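Take a look at the letters that make up each chain.
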Amino acid sequence: GINAEYGGDGGFVSVYGPTIALTAINVAVPFLMQQLTLIENYDIGRTEQYVTLSRVYVMRMISLLTFIVTLIEAAGETGECPQLYWGQEFYKLIIINTITNCASLSKYPAFYYLLNKRSEVDLPSTLMSLIYFQGCIWFGNLFCPLLSAIGIISNLAYFYIASALIKNCCQPPTKRYNSNNSMFFNSFLALTILLMFGVTCFIIVSNGVDCGPWKSPKFPTMWHTWSELAEDWNSEVKYIIGTILSAAVVVPVVFVLSIVVWLLRINNEKMALRNDIIGSELNMLRIEKAKFLKEKRLGSNS
């Protein structure tokens, strides 16, 4: 049964307990951090937002790394291949996290239909949740390649469900959000990549590669694997693939793609220049309007 497979005898709790506990912590952490910043009462809204998101990120990464360490220690007790065990656990984590994220969206129709109130979407916190989710996929995908497909399905499901609910049950944000400031979130995303791949390299080196996806293959390099696979192809398939990979096809394709990238870059530069011109014109209008209102007030006072 499933308990025998995972080496436990505690039923549902032993199999899904750690994964559910980690998901519950990640659901509670953003709410607790938001309450903490409300108590601290920051004067600048951007500072409050950055502090909250930084705390949420740190707490989520700590909980995720703690979960990974727990899996490393538990892998030796199951009698299974450690790498396969880690892949199974992150497979369950992604599934449960997907269900939890989609279920969390139910608060929007609940507020709308039960309380006749439109909720406001917390976009920055949603982005932090996606960064955490992506980190889980990056780590688990190295031990369970199927997680890439599951991650795509999960993100698409969440996007379309959230899009439908936000359009029908939510209101525009009351606090202005600077969507152009993407460097803040990109920094967290880059840090997550370094953490996940660094931890993965450490695990593989320290635990060896006696089994699982990272077991030493019978082929010394990936090219030997492809050559072995190509021997089983029929002549038609070999001809088609050889034609696609030939210089007569690859060189024109690369040339066309280079031109497309160059044209897109020129178009982006023109759009940026146009936006700067429009911004300057709007700024001049604001200055003239302020000057007009000031002269009008002085005239009325005199």
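Located above this text is the structure these notes cover.
Residues numbered from 1 in each chain as written. Predicted model: local features only at pLDDT ≥ 70, side-chain atom pairs only at ≥ 80, totals over all residues. Heavy atoms only, no water.

With respect to unusual backbone geometry
Across the chain, the bulk of peptide bonds are trans and the bulk of non-glycine residues have phi less than zero. Counted only if it meets this: By the criteria applied, helices consist of DSSP H or I runs no shorter than four residues and strands consist of E runs no shorter than two, each listed in order from the N terminus. Three labels apply to residues, based on accessible area from a 1.4 Å probe with only protein chains included: buried if under 20% of the type maximum, exposed if over 50%, partly exposed otherwise in between.
One non-glycine residue with positive phi stands out, namely asparagine 116, at about 55 degrees. Among the structural elements, asparagine 116 can be located in the loop between helix 5 (107–114) and strand 1 (119–120). By relative accessible area, which is 67% here, asparagine 116 ends up exposed.

A look at helix 7 (residues 147–169)
Heads up, the condition is: Take the residue count of a helix, subtract one, and multiply by 1.5 Å to get its expected span. Residues are treated as being in contact if the distance between any of their heavy atoms lies within 4.5 Å.
Compared with the 33 Å implied by 1.5 Å per residue over 23 residues, the 31 Å span of helix 7 between its first and last C-alpha is a close match. Residues Leu147, Ile150, Gly151, Ser154, Tyr158, Ala162, Leu165 and Cys169 constitute the buried set of helix 7. Among the structural elements, helix 4 (82–104), helix 5, strand 1, helix 6 (123–141) and strand 2 (170–171) are those in contact with the buried residues of helix 7.

Focus on the packing of helix 5 against helix 7
Worth spelling out the cut-off: Throughout, an axis means a line fitted to C-alpha atoms (over the contacting stretch in the case of helices), and angles, computed between N-to-C directions, take values from 0 to 180 degrees. For this classification, under 35 degrees means roughly parallel, over 145 means roughly antiparallel, 65 to 115 means roughly perpendicular, and everything else is oblique. Each crossing gets its handedness from the near helix: less than a right angle anticlockwise from the far helix is left-handed, clockwise is right-handed. Residues were grouped as follows: Ala, Val, Leu, Ile, Met, Phe, Trp, Tyr, Cys and Pro as nonpolar; Asp, Glu, Lys and Arg as charged; and all remaining residues, including Gly, as polar.
For the pair helix 5 and helix 7, interaxial distance at closest approach is 9 Å and the crossing angle is 25 degrees. Put simply, helix 5 runs roughly parallel to helix 7. Handedness of the crossing formed by helix 5 with helix 7: left-handed. For the pair helix 5 and helix 7, contact is made by Tyr108, Pro109, Tyr112 and Tyr113 and by Leu165, Asn168 and Cys169, respectively. Across the contact of helix 5 with helix 7, the residue classes break down as six nonpolar, one polar and no charged.

Remarks on the side chain of serine 154
So the rule is basically this: Any pair of N or O atoms that falls within 3.5 Å is considered a polar contact. Within protein, one atom must be able to donate a hydrogen and the other to accept it, and sequence-neighbouring residues count only if both atoms are side-chain atoms.
Tracing the chain through its elements places serine 154 in helix 7. Its relative accessible area of 6% is what places serine 154 among the buried residues. A polar contact of 2.8 Å, which involves the side chain of serine 154, links it to the side chain of threonine 98. If sequence neighbours within four positions are ignored, serine 154 has contacts with Thr98 and Phe133.

Overview of the packing of aromatic side chains
Just so we agree on the cut-off: Here a Phe, Tyr or Trp ring, Trp counted by its six-membered ring, pairs with any other such ring whose centre lies within 6.5 Å, and the pair is stacked when the planes are under 30 degrees apart, edge-to-face when over 60, and tilted otherwise. In this scheme, the term charge over a ring applies when either NZ of a lysine or CZ of an arginine sits within 6 Å of the ring centre and within 35 degrees of the ring normal.
Per the stated rule, a full pass over the model turns up seven aromatic pairs. When the ring of phenylalanine 90 is compared with that of phenylalanine 139, the centres are 4.7 Å apart and the planes differ by 45 degrees; the resulting orientation is tilted. Here phenylalanine 90, found in helix 4, pairs with phenylalanine 139, found in helix 6; they are 49 residues apart in sequence, far enough to count as distant. Both residues of the pair, phenylalanine 90 and phenylalanine 139, count as buried. Ring centres of phenylalanine 159 and tyrosine 160 lie 5.2 Å apart, and the angle between their planes is 80 degrees; on these two criteria the pair is classed as edge-to-face. Feature note: the residues Phe67, Trp86, Phe90, Phe139 and Phe143 constitute an aromatic cluster, connected by ring pairs. The ring centre of tyrosine 132 lies 5.4 Å from the NZ or CZ of arginine 60, which sits over that ring.

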